[in-house]
Amino acid sequence: MFSKSKLNQPGGDADKPNTPSSGSPAPSSPPSKPAGLELGAGAQAMKPKVAPSTLSGDLLIKGDLKTSGDIQIEGEVEGNIQAHLLTVGEGAVVRGEVIADDIVVNGRVIGRVRGLKVRLTSTARVEGDIIHKTIAIESGAHFEGAVQRQDDPLGQAGSSKPSAAAKPAASGGSSKPEGAGS
């Protein structure tokens, strides 16, 4: 195949100008394996991940948002949001119901939160009920409302309120503004 000695020796191919030769293929040609992948073998696995949609801090949206992708909210939304991954930024305000597989709240949500995985960071301010499969609430997060665990929190989109049985379990000061900041 290729001989390294000619390339590395003085007076060998390394000193010659870069001209096409009729001999063996150039070492810089790509291997044939990726070319097979480009033709469709495994194209599904190589699908590029789409960047999240970002609503900037100076943006006010009035209306509902629905996507199968990811949304990063930095501005203000007055309406319901449905997404795969929803991130509410520190300075963001959402007034409406949020539904997503994965929800991270750094800012303020006024309305019901429904997700498989819900995380309230230390800067989160949530005023509304949370229906979840798993939840994490960091120290310093402010939350007023009821918490209800469900195996399928996304399947109950038509329900208006969580059952009354969930309210007493989360009532330990969460309905009082002065006790909810801990």
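The structure displayed is predicted, hence computed values, not measured ones.

Novice: Break down the overall build of the protein chain for me, with residues and values.
Specialist: Helix and strand counts for the protein chain come out as 3 helices and 14 strands. The proportion of buried residues among the 182 residues of the protein chain is 31%. Within the structure as shown, the protein chain displays about 11,500 Å² of accessible surface, and the carbon and sulfur contribution to it stands at 54%.

Novice: An account of the sheet that holds strand β7 (residues 93–95) is needed here, citing residue identities and associated values.
Specialist: Here 6 strands make up an open sheet; going across it, the order is β2-β5-β7-β9-β11-β13 and the pairing parallel. Lying at the two open borders of the sheet, with one neighbouring strand each, are β2 (60–62) and β13 (142–144). Here the average twist between neighbouring strands, direction ignored, is 5°.

Novice: Before we move on, could you go through the pairing of strand β10 (residues 113–120) and cite the residues and values that matter?
Specialist: Direction of pairing for strand β8 (residues 98–105) relative to β10: parallel, over a ladder of 7 bridges. The partner of Ile 103 across the bridge, within β10, is Val 118. Strand direction decides the pairing type here: β10 and strand β12 (residues 130–137), joined by 7 bridges, are parallel. Its bridge partner lying in β12, Arg 114 is registered against Ile 131.

Novice: Go over the nonpolar core with me, naming the residues and quoting the values.
Specialist: Residues Ile 73 and Leu 120 are the most contacted members of the largest nonpolar core, which totals 23 residues. Elements represented by at least two residues in this core include exactly β4 (70–73), β6 (81–88), β8 and β10.

Novice: I'd like a rundown of the pattern of salt bridges, residues and numbers included.
Specialist: Here the structure, examined in full by the defined rule, presents 6 salt bridges. Across the pair Glu 138 and Arg 119 runs a salt bridge whose closest N-O atoms are separated by 2.9 Å. Of this pair, Glu 138 sits in the loop between β12 and β13 while Arg 119 sits in strand β10, and the two are 19 residues apart along the sequence. By relative accessible area, Arg 119 is classed as partly exposed at 37%. When salt bridges with common partners are traced through the structure, they connect Glu 97, Arg 112 and Arg 114 into a single cluster.

Definitions and cut-offs
Residues numbered from 1 in each chain as written. Predicted model: local features only at pLDDT ≥ 70, side-chain atom pairs only at ≥ 80, totals over all residues. Heavy atoms only, no water. Helix = DSSP H or I, 4+ residues; strand = E, 2+ residues; numbered from the N terminus. Buried < 20%, exposed > 50% of the residue type's maximum accessible area, 1.4 Å probe, protein only. Areas by Shrake-Rupley, 256 points an atom, 1.4 Å probe, with all protein chains shown as cover. Pairing = 2+ DSSP bridges. Axes fitted to C-alpha atoms, helices over the stretch in contact; angles between N-to-C directions. Core = buried A, V, L, I, M, F, W, Y, C linked by side-chain atoms within 4.5 Å. Salt bridge = Lys/Arg side-chain N within 4 Å of Asp/Glu carboxyl O.

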